[in-house]
Amino acid sequence: MKRVLIVGAGGFLGSHLLEEAVSRPGLEVYAGVRESTSTRWFPAEGVRKVVFDFEDPAEVERALTTTLPEGEKWDWIVYNLGATKCLRYKEFDHINHDLLRTFVETLERTGMMPEKFLYISSLSAVGPGVAKSYQPFTEKMIPQPNTRYGASKLKAEMLLQMHPVPYIIFRCTGIYGPRDRDYFLMFDAMRKGFDFSVGFRRQLLTFIYAPDLAKGVFDALEKAPVKEIYNISEPRAYTQAEFRRLVAAKLRKRVVVPVRVPLWGTKAVSWICEKIGVARGKPSTLNTDKYNIMKQRNWSVDTSKARAEFGFEAPTPLEEGVSRSIDWYKKEGWMK
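Every residue gets a number counted from 1 within its own chain, in the order that chain's sequence is written. Selection of residues for local features in this predicted model requires a pLDDT of at least 70, selection of side-chain atom pairs for listing and counting requires 80 or more, and totals for whole chains, interfaces and linings are taken over all residues. With hydrogens and water stripped out, all remaining heavy atoms of the structure feed into the side-chain values.

Looking at this model, I keep getting lost on helix 7 (residues 240-251). Mind explaining?
For helix 7, built from 12 residues, the straight-helix expectation of 16 Å at 1.5 Å per residue is met to within 8% by its first-to-last C-alpha distance of 16 Å. Each residue gets one of three labels from its accessible area relative to the maximum for its type: buried under 20%, exposed over 50%, partly exposed in between, using a 1.4 Å probe on protein chains only. Helix and strand definitions here come from DSSP, where helices need a minimum of 4 consecutive H or I residues and strands a minimum of 2 consecutive E residues; each element is numbered from the N-terminal end. Along helix 7, the positions that sit buried rather than exposed are Q240, F243, R244, L246, V247, A248 and L251. Just beyond helix 7, the residue with positive phi is R252, at close to 60°. Working rule for helices: expected span equals 1.5 Å times residues minus one.

Encoded structure:
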């Protein structure tokens, strides 16, 4: 038996990681979550809950050292804890870097460093893609993040590289699938007849279906060498028009009006939404940091390294993944 701890198992992606883990024979699965985390999407069986107070180093140590029998440790750790939107930008550094540092230093101090530590990062850690030639992202590109979110993820990656951590880093493109709320908002807007996009220059988009990403995580834990970084995406890119046609076809919408918002207009709206979010005490999905992500023209990705080193595949094309996601939203009552 291999013991695996999934840290940050309560969210959208975390639930898919748990489902993949319990489906694999020979795994003893632990879900690392906060006390307040909902377990609504946890598999019915096969998961042992571990409660962490990530803000308190002493409590992190207590959870790590008392969950398993004395002298034992997890073979694998998947670290999925993080924030994609925050009220204040300094919170990105705290959640995405500082809490990881506490966790890693505790593993070192207690002698509980696993055989492999897989960290879920983002292409935003690299920064903007090459806009003129639309050259795909590769692992050899020099990171130059242009968002505070991306900078915090790169800082986390560098932390792992500076410590004796047997890391595997996944730089993921846009993750979608059942239970995700961000892409749901796009699908729901198209259901209402509108497709909002940013800027007028051609944009290439990439996606990864959450269950495919979860499968890739455990394939990498089984087969990939440590101290490596991998770009993770469906191997092809889509234009906004292609994305719109796929979603509209599934929704059986004959007409979806493309609404292109100029960059200056998007920036202004992002600033307003951010300030409203701060006033309400709730992070806005649309904010000035997200604006820098939305305005990028090239998100195409080269996944050949992951394919060569641990057989990574993204078997679910966007059309099928969109169909499954929308079916789930309708079944759960999110969408009519």
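Looking at this model, I keep getting lost on the sheet that holds strand 2 (residues 27-33). Mind explaining?
Two pairing modes exist for strands in a sheet, parallel and antiparallel, and in both the strands are linked by backbone hydrogen bonds. One open sheet accounts for seven strands, arranged 3-2-1-4-5-6-11; its pairing is parallel. In this open sheet, the two strands that pair with only one neighbour each are strand 3 (47-51) and strand 11 (228-232). Sheet twist, expressed as the average angle between the axes of neighbouring strands with direction ignored, equals 20°. Contacts: residue pairs with any heavy atoms within 4.5 Å of one another. Inter-axis angles, ranging from 0 to 180 degrees, are taken between N-to-C directions of lines fitted to C-alpha atoms, where helices are fitted over the stretch in contact. Here helix 2 (residues 57-67) sits on the sheet and contacts strand 1 (2-7), strand 2 and strand 3; the angle it forms with strand 3, its principal contact strand, is near 145°. The strands touched by helix 6 (residues 210-223) are strand 1, strand 2, strand 4 (76-79), strand 5 (116-122), strand 6 (167-172) and strand 11; relative to strand 5, the strand with the most contacts, the crossing angle is about 145°. Whether two strands pair comes down to DSSP finding at least two bridges between them.

Honestly, a nonpolar patch on the surface in this entry has me stumped. Any pointers?
Two distance rules govern patches: like charges are joined within 9 Å, and nonpolar side chains (Val, Leu, Ile, Met, Phe, Trp, Tyr) within 5 Å, applied only to residues with over 30% relative accessible area and no salt bridge. In this description, accessible areas are obtained by the Shrake-Rupley approach with a 1.4 Å probe, and a residue is regarded as covered only by the protein chains that are shown. Throughout this description, the term salt bridge denotes a Lys or Arg side-chain nitrogen within 4 Å of a carboxyl oxygen of Asp or Glu. Taken together, the side chains of F194, F196, V255 and V257 present a nonpolar region at the surface, about 380 Å² in accessible area. Counting through the fold element by element, F196 comes out in strand 8 (residues 194-198). Judged by relative accessible area, which is 51%, F196 ranks as exposed.

Could you clarify how one ought to interpret the packing of aromatic side chains in this entry?
Two aromatic rings, taken as a pair, are described by how far apart their centres are and by the angle between their planes. For Phe, Tyr and Trp, rings pair up if their centres lie within 6.5 Å, where Trp contributes its six-membered ring, and each pair is then called stacked (planes under 30 degrees apart), edge-to-face (over 60) or tilted (otherwise). Inspection of the entire model under this criterion finds 26 aromatic pairs. Taking 5.6 Å as the distance between ring centres and 85° as the angle between the ring planes, the aromatic pair formed by Y30 and W74 counts as edge-to-face. Taken together, the positions of Y30 in strand 2 and W74 in the loop between helix 2 and strand 4 put the pair 44 residues apart, joining distant regions of the chain. When sorted by exposure, Y30 lands in the same class as W74, which is buried.

Taken by themselves, the reported measurements are silent on function.
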